[in-house]
Amino acid sequence: MGKNKIPTVHFGTTGQMVTRVGLGGEGVLRTTGKIKEAHRTIRSAIAEGITYYDSARVYSDSEVYYGGIWKQDPQTRSRMFQTSKSASRDKLGARKDLDETLQRLHVDYLDLWQIHDVRTVEELSVISGPRGALEAFMEAKKEGKIRFIGVTGHHDPDVLAQAVKELPVDSVMMPVNPVEEVLGGFLTRTLPAALDKGIAVIGMKIFGAGHYIAPHLGVTPELLLRYALSKPITVAIAGCSSASEVETLAAAGRLDQPLGKTELRKLMAPFKEDARRLAFYRGHI
């Protein structure tokens, strides 16, 4: 018998459906010179039925790896939700990023293009100001080069919540893990802002770049994925470096089993005393 399909969900109010888990743009994809390994990982995700694919202009050869697959099989690409990001804050820089992204991916459009890693109110002001990156995003959407606009961040939950409220975005990408449960912010302010607006929520930093996985304490990738998927998010993404890691990701997407109180209490225990250090991606606490 074949594997059950990974459930799909509405991507916010866009009308698009995506699988509950997606392939992150890190792992083996955030490398150079590992075409065979990267292609095996992407093909494994396709075979598992994953439809959401993450990348960014600054993620080494991630876009190039994807492009090698989509160039060979554009029909498969048409069924997938391909995303990328631009970290440029000005219009010209963002347009240049998009042109290079589309070329590297061998695609005519992105399903989702995201304003990458917004950290400060000052950055947000530049992005949304005259000749800021937002102008490039809006123009690209009108031209059909992108379908939807998103914003990402993992430094300041209040800044990201402000971006969600003020920018014309269809999605937000934010950290979702037990550290955030302890600290509050992304789960208590950014997430409610996104839910109030009805936009899609993409959970990242599920494993804390691998730092949170501690089997001897009962903290496994499966449990961290189940934790993320127990939150009211749209899709959880994780970088993978092998077919077995992709299989774990896909299995979590198929498993509709919320964490029980005992499981949650046991999972949270190792994170409570050292949460600030473990939130290394915030950079300022």
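Before any of the text, the structure's been laid out above.
What about the pairing of strand β9 (residues 200–204)?
Counting buried positions over the 5 residues of β9 gives 5, a clear majority of the element. By the alternation rule, side chains of β9 split into Ala 200, Ile 202 and Met 204 and Val 201 and Gly 203, which are all buried. Here 5 bridges tie strand β8 (residues 171–175) to β9, and the two strands are oriented parallel to one another. Note on β9: the bridge partner recorded for Ser 171 is Ala 200. Note that the unit made of β9, helix α10 (residues 221–229) and strand β10 (residues 235–240) has a crossover that is right-handed.

Some details on the nonpolar core
By size, the foremost hydrophobic cluster in this structure holds 79 residues, and its most contacted members are Leu 23, Ile 50 and Val 151. For this core, the element with the highest residue contribution is α10, accounting for 6 residues. In this view, Val 151 contacts Gln 114, Ile 115, Val 118, Leu 160, Ala 163, Leu 167, Val 169, Ser 171, Val 172 and Met 173; residues no more than four positions away in its chain are not counted. Ranked by size, the runner-up nonpolar core spans 12 residues in total, among them Val 18, Leu 112, Met 173 and Val 235.

What about the packing of α10 against helix α11 (residues 243–254)?
Relative to each other, α10 and α11 sit at 40 degrees, their axes nearing to 10 Å. The orientation of α10 with respect to α11, classified from their angle, is oblique. Relative to α11, the crossing made by α10 is right-handed. For the pair α10 and α11, contact is made by Pro 221, Glu 222, Leu 225 and Leu 229 and by Thr 248, Leu 249, Ala 252 and Gly 253, respectively. Across the contact of α10 with α11, the residue classes tally to 5 nonpolar, 2 polar and 1 charged.

Some words on unusual backbone geometry
Even without being a glycine, His 106 presents a positive backbone phi close to 55 degrees. Within the secondary structure layout, His 106 lies in the loop between α4 (91–105) and β6 (110–115). Backbone geometry places Ala 209, a non-glycine residue, at a positive phi of 55 degrees.

Criteria and cut-off values
- Residues numbered from 1 in each chain as written.
- Predicted model: local features only at pLDDT ≥ 70, side-chain atom pairs only at ≥ 80, totals over all residues.
- Heavy atoms only, no water.
- Buried < 20%, exposed > 50% of the residue type's maximum accessible area, 1.4 Å probe, protein only.
- Helix = DSSP H or I, 4+ residues; strand = E, 2+ residues; numbered from the N terminus.
- Pairing = 2+ DSSP bridges.
- Right-handed = clockwise from strand over helix to strand, strands pointing away.
- Core = buried A, V, L, I, M, F, W, Y, C linked by side-chain atoms within 4.5 Å.
- Contact = heavy atoms within 4.5 Å.
- Axes fitted to C-alpha atoms, helices over the stretch in contact; angles between N-to-C directions.
- Parallel < 35°, antiparallel > 145°, perpendicular 65-115°, else oblique.
- Left-handed = near helix turned anticlockwise from the far one by under 90°.
- Nonpolar A, V, L, I, M, F, W, Y, C, P; charged D, E, K, R; others polar.

All quantities given are derived from atomic positions and should not be read as evidence of function.
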